[in-house]
Amino acid sequence: MVAIRPLGTGDFAQYRSVRLRALGEHPEAFTSSAEEEATPEGDARIARRLAPEAQAPHDSVLGAFDGAALVGTIGLAVDMRAKARHRGLVVGMYVVPECARRGIGRALLDAQIESARRIPGLDSLVLTVTAGNDSAKALYERAGFAVVGRDPGAVRVNGRDYDKLLMHRRL
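Not measured: the values here are computed from a predicted model.

**Observations regarding the overall build of the protein**
Summing up its helical and strand segments, the protein has five helices and seven strands in all. Of the regular secondary structure in the protein, the N- to C-terminal order runs β-α-α-α-β-β-β-α-β-α-β-β. A compact globule built from 171 residues should have a C-alpha radius of gyration of about 16 Å, and the protein, at 15 Å, falls within 12% of that. With the C-alpha coordinates aligned to their principal axes, the bounding extent of the protein is approximately 40 × 35 × 35 Å.

Here it is as structure tokens:
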């Protein structure tokens, strides 16, 4: 049984390790790269994600723990500008491969959706998934997300372009 909880500054080392692993294993799935994140500037970005900020009070990262080991993550970012704060962006979804097919991804997604529902004024969530990643797309669809658009060549890895599908869900 995994436990899901918000990550904080004390989880930096484990989160950094899992994040770099995700970026290295699936470079086409993330806008950030392992090379960029494995720098002092990358460490600062990772630390900011885990520290509460007045300018981003609803941003969070949830972690799935199998015992003491962090085995999955999912983030939520809410743009606090008046015209945009009704939508949240789901980011950084990843489960370590050795824990795949145990329902951890769905548990993380469900927990983030429930967390989003508690944010005043937030009424929808958006995310992107790499076109061709059918298992992730199916997970998001089972959780109520629907494809609403396609961003051709959204990321380029080693000279190859990957499209991203934009998915949306009402809360």
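**Comments concerning the sheet that holds strand β1 (residues 3-6)**
An order of β1-β2-β3-β4-β5-β7-β6 is seen for the seven strands of this open sheet, with the pairing classed as mixed. In the strand order of this sheet, the two ends are held by β1 and β6 (146-157), each with one partner. Ignoring which end each strand starts from, the neighbouring axes of this sheet average 25° apart. Here strand β2 (residues 60-66) runs beside strand β3 (residues 69-78); their pairing, made up of seven bridges, is antiparallel. Residue pairing for β3: Phe 65 is matched across the bridge by Leu 70.

**With respect to empty space enclosed by the protein**
Here the structure, examined in full by the defined rule, presents one cavity of 30 Å³ or more. If you add up the space inside the largest cavity, you get close to 30 Å³. Taken together, Tyr 15, Arg 19, Ala 22, Phe 30, Thr 73, Gly 92 and Tyr 94 make up the full set of residues lining the largest cavity. For the lining of the largest cavity, a count of residues per class yields four nonpolar, two polar and one charged.

**With respect to the pairing of β2**
With six of seven residues buried, β2 is to be regarded as a mostly interior element. Taken together, the four bridges between β1 and β2 define a ladder with antiparallel strand orientation. Across the sheet, Arg 5 pairs through a bridge with Gly 63, a residue of β2. Taken together, β2 and the strand that follows it, β3, pair antiparallel across an intervening segment of two residues, in which Gly 67 is found at a positive phi of about 70°.

What counts, and where the lines are drawn
- Residues numbered from 1 in each chain as written.
- Predicted model: local features only at pLDDT ≥ 70, side-chain atom pairs only at ≥ 80, totals over all residues.
- Heavy atoms only, no water.
- Helix = DSSP H or I, 4+ residues; strand = E, 2+ residues; numbered from the N terminus.
- Rg over C-alpha atoms; globule rule 2.2 N^0.38 Å.
- Pairing = 2+ DSSP bridges.
- Axes fitted to C-alpha atoms, helices over the stretch in contact; angles between N-to-C directions.
- 1 Å grid on protein atoms, 1.4 Å probe; cavity = no way out; pocket = protein on both sides within 12 Å on 5 of 7 lines; lining within 4 Å.
- Points joined across faces, edges and corners; volume = space filled by probe spheres on them.
- Nonpolar A, V, L, I, M, F, W, Y, C, P; charged D, E, K, R; others polar.
- Buried < 20%, exposed > 50% of the residue type's maximum accessible area, 1.4 Å probe, protein only.

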